[in-house]
Amino acid sequence: MSKPALSSLLALAVAVAACSKPHPKPPPSRGANESLEPALSAAEVQRIVKAVRAARGVALKREVNIEMLSKSEFRRELAKRLEGDAATHELSLDDAFLVGFDFVPPPAKRGELAPMAEVLAEQVAAFYDSEVDKVFVPRTEKATAKQAIMDRVILAHEIQHALQAQNFPRPSRERRSSDEELAQLALFEGDAMVAMGAFMGAELGAPVGRTLRRIRETVESVPRDALAHRAEDKVLARAIELARHRLSFPYEEGMFFVSDIYRAGGFPLVDAAFERPPRSTEQVLHPEKYLRD
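Thresholds applied
Residues numbered from 1 in each chain as written. Predicted model: local features only at pLDDT ≥ 70, side-chain atom pairs only at ≥ 80, totals over all residues. Heavy atoms only, no water. Phe/Tyr/Trp six-rings, centres within 6.5 Å; stacked < 30°, edge-to-face > 60°. Helix = DSSP H or I, 4+ residues; strand = E, 2+ residues; numbered from the N terminus. Buried < 20%, exposed > 50% of the residue type's maximum accessible area, 1.4 Å probe, protein only. pLDDT = per-residue confidence, 0-100. Contact = heavy atoms within 4.5 Å. Axes fitted to C-alpha atoms, helices over the stretch in contact; angles between N-to-C directions. Parallel < 35°, antiparallel > 145°, perpendicular 65-115°, else oblique. Left-handed = near helix turned anticlockwise from the far one by under 90°. Salt bridge = Lys/Arg side-chain N within 4 Å of Asp/Glu carboxyl O. Core = buried A, V, L, I, M, F, W, Y, C linked by side-chain atoms within 4.5 Å. Pairing = 2+ DSSP bridges.

**Concerning the packing of aromatic side chains**
And step 1. Under the definition given, this model contains six aromatic pairs.
And step 2. Centroid distance Phe168 to Phe274: 4.1 Å. Interplanar angle 5°. Geometry classified as stacked. Of the two residues, Phe168 sits in the loop between α7 (145–167) and α8 (178–204) while Phe274 sits in helix α11 (residues 241–275), which places them 106 residues apart along the sequence.
And step 3. Judged by relative accessible area, Phe274 falls into the buried class, the value being 3%.
And step 4. Ring plane angle 75° and centroid distance 5.3 Å describe the contact between Phe257 and Tyr290, whose orientation is recorded as edge-to-face.

The following block contains the structure:
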């Protein structure tokens, strides 16, 4: 199962990518009469698969299984995968040091925190399950033009996770520290973010380098806390700051890391990173150290 695609970060990426190419003067606003687009058709879904494959430059070795579900069906599938993440309000031994450094509120205040399972349930827009090799996406029957773009971008992100499973080795979890595990997750999620950017650039006729640069410049200019303060992200806003940062790290810092690798050697060098993934979050934050080692 892939980690959640942060909806606020994806929305920001969509908005920025749309600015990567000049647009003609928009038609007059339709207001309340704005037309709605139908749900993604099977043909459009397959077109997006091929577009992501081409934009990212990876092989399509087998069919990408995509299941479009109603919102209630999607929530049930997601709930199955979050059953083990129920909140207990008790800290594990691995988390004990967080209390000592005031990263976690005292027990009396801990009940105000959002359990991670609730945060994930709010933030997961779609997901790829590696165990069944399938992408699960909630179906939007009719959507505004903006939501239709979001649906395609989210699907592109998860399609890349399916393509990763076809093309790149998955690191063994044996003998990995939590820091190394987070660093390698950043590679996978960062690559999916970059593939999403490449897909958006191709859709808009903009070079991938320019699209990624615009996304990076804008994400860096937005305070991280702003990503958790949207009205739609009420549960995320109740998570501790460290949890919000850990949740966004694979997407935000991972995207920066993979973008830097891309600038250094294009997608062939990104592909090579899966054979030699980063060993620490320090390498993710400082790609020059990864490339030098």
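**Focus: the confidence of the model for the protein chain**
And step 1. When pLDDT is averaged along the protein chain, the result is 75; 65% of the residues meet or exceed 70.
And step 2. Mean pLDDT per element in the protein chain: helix α4 (residues 96–100) is the minimum at 41, and helix α12 (residues 281–285) is the maximum at 96.
And step 3. A low-confidence stretch, residues 1–5 (pLDDT under 50), is modelled with 27 contacts involving residues beyond four sequence positions or located in other chains.
And step 4. Note that residues 224–240 has pLDDT below 50 and, in this model, 45 contacts with residues that lie over four places away or in other chains.

**Observations regarding the packing of α7 against α8**
The angle between the axes and the distance between the axes are what describe a pair of packed helices.
And step 1. Between α7 and α8, the least distance of the axes is 8 Å, while the angle of their chain directions is 130°. Relative to α8, the element α7 lies oblique. Considering only the axes of α7 and α8, their crossing is right-handed. Counted together, Arg152, Val153, Ala156, His157, Gln160, His161 and Gln164 of α7 and Phe188, Glu189, Asp191, Ala192, Met193, Ala195, Met196, Phe199 and Met200 of α8 form the full contact between these two elements.

**A word on the pattern of salt bridges**
And step 1. Inspection of every chain in the model, using the stated rule, returns 13 salt bridges.
And step 2. Ionic pairing is found between Arg47 and Glu44, a salt bridge with its closest N-O pair at 3.0 Å. With a gap of three residues between them, Arg47 and Glu44 both fall in helix α2 (residues 42–56), about one helical turn apart.
And step 3. Taking relative accessible area as the criterion, Arg47 reaches 33% and is therefore assigned partly exposed.

**Notes on unusual backbone geometry**
And step 1. The backbone of Asp133 sits at a positive phi, close to 55°, despite the residue not being glycine.
And step 2. Secondary-structure assignment places Asp133 in the loop between β3 (127–129) and β4 (134–138).
And step 3. By relative accessible area, which is 16% here, Asp133 ends up buried.

**What to know about the nonpolar core**
And step 1. Counting residues in each nonpolar core, the largest one holds 53 residues, and the members touching the most others are Ile48, Ile66, Val135, Leu155 and Ile159.
And step 2. Among the elements of the structure, α2, β4, α7, α8, α9 (208–221) and α11 are those that each provide at least two residues to this core.
And step 3. No other element matches α11, which puts 12 residues into this core.
And step 4. Beyond its immediate sequence surroundings of up to four residues, Leu155 is in contact with Leu40, Val45, Ile48, Ile66, Val135 and Val137.

**Observations regarding the pairing of β4**
And step 1. Bridge analysis of strand β2 (residues 65–69) against β4 gives five bridges, and the strand direction is parallel. Across the sheet, Met68 pairs through a bridge with Val137, a residue of β4.
And step 2. Where β3 lies against β4, three bridges are found, and the strand directions are antiparallel. Bridged to Asp129 within β4 is Lys134.
And step 3. Taken together, β3 and the strand that follows it, β4, pair antiparallel across an intervening segment of four residues, in which Asp133 is found at a positive phi of about 55°.

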